[in-house]
Amino acid sequence: MKQVIFRNNQKIISDDLNNIGGFSQGYIDAVVEDAIAKLRYFTGFGVTKSATAEITVAPGRLWAGSAGVFERTAPQVINLLTGGGNFIPVTTKRIVAVVLTGQTNETDLQERSFKINDQGGTEPQSVAMLEQRFAQLAVVGGAESPDPQKPTLDAGVIPVAWVTLSTTGVVDGGIETASAYYLPSIESLAAGLAEIRVWKDVVSQVIQTILSELARIQAAIPPDLESRVVWLDDRT
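Residues numbered from 1 in each chain as written. Predicted model: local features only at pLDDT ≥ 70, side-chain atom pairs only at ≥ 80, totals over all residues. Heavy atoms only, no water.

Enquirer: How do you make sense of the overall build of the protein chain when you look at a structure like this?
Expert: Along its length, the protein chain carries two helices and 10 strands. Ordered by position from the N terminus, the helices and strands of the protein chain form the series α-β-β-β-β-β-β-β-β-β-β-α. Relative to the 2.2 N^0.38 estimate, which gives 18 Å for 236 residues, the radius of gyration of the protein chain is 31 Å and therefore markedly larger than a compact globule would have. Taking all 236 residues of the protein chain together, 25% fall into the buried category. Intrachain contacts of the protein chain at a sequence separation of at least 6 include 60% that bridge at least 24 residues. Surface summary for the protein chain: the accessible area is close to 16500 Å², and the carbon and sulfur share equals 55%. (Helix = DSSP H or I, 4+ residues; strand = E, 2+ residues; numbered from the N terminus. Rg over C-alpha atoms; globule rule 2.2 N^0.38 Å. Buried < 20%, exposed > 50% of the residue type's maximum accessible area, 1.4 Å probe, protein only. Contact = heavy atoms within 4.5 Å. Areas by Shrake-Rupley, 256 points an atom, 1.4 Å probe, with all protein chains shown as cover.)

Shown next as structure tokens:
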């Protein structure tokens, strides 16, 4: 674990301050990869139909293993007719995927003063004050067909939902969450484990009852039963 050390009367350079956030981010990334997930998953990003040919995607996070966590803090409205392409099928149906990728952007432009000489002269510059890991949403369209199939996705993206479209727009009930890529919480895993334990207790009691009954039946079989068995065949 690394920690930046500051001392009284010590000159500070920009790397010292940047390392405060950089070291912390590195350790959080290690926790994500080592203790949460090495593969890519998402949380949030619920998709709902908000108009005939429009969906709204809620805020969420992309958990990208060693690459860290990327977030989107505001909902995004996607028009499937004009937003990045017309995905509405002409005659039959189409399934589109709402997908995620992670991008690192410099944001929050501000005007700051910079020293330009040893006499204390400064000049203003417009600079980005934040580096943000941003979860980027996009839509990937499948082939139009009477029996539409989900589109094939590039290895660099993960789906958050599949949306079925008809010639009039988003089909009612046609939004399917890509649950295989949803990151379960510790709370939900604990609840699932509790249910398994209850099921195990019930099944264990049933199994014990069956074993006891089998033992009782076996004990009731006379030892010489085999010698008294009459074998029958089709001979007269």
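Enquirer: Would you take a moment to explain helix H1 (residues 14-36) for this structure?
Expert: Given 3.6 residues per turn, any residue in an α-helix points the same way as the ones three and four places further on. In this model H1 runs 32 Å from its N-terminal to its C-terminal C-alpha over 23 residues, within 8% of the 33 Å that 1.5 Å per residue would give. Considering bend angle alone, the principal kink of H1 is centred on Ile20 and spans about 30°. Taken residue by residue, H1 has Asp16, Asp29 and Val32 as its buried positions. The inward-facing, buried residues of H1 abut strand E4 (60-64), strand E5 (69-72) and strand E8 (122-141). (Expected span 1.5 Å × (residues − 1). Bend = angle between axes of the 7 residues up to and from the residue.)

Enquirer: Sorry, what's going on with unusual backbone geometry here?
Expert: When glycine is set aside, most residues are seen to have a negative phi, and most peptide bonds are trans. In this model, Asn9 sits at a positive phi of 65°, which is unusual for a non-glycine residue. Its location among the elements puts Asn9 in the segment before H1. A positive phi angle is found at Phe45, which is not glycine, with a value near 55°. You can see Phe45 is positioned in the loop between strand E1 (40-44) and strand E2 (47-51). Classification of Phe45 by relative accessible area gives buried; the value is 1%.

By themselves, these figures tell us nothing about what the structure is for.
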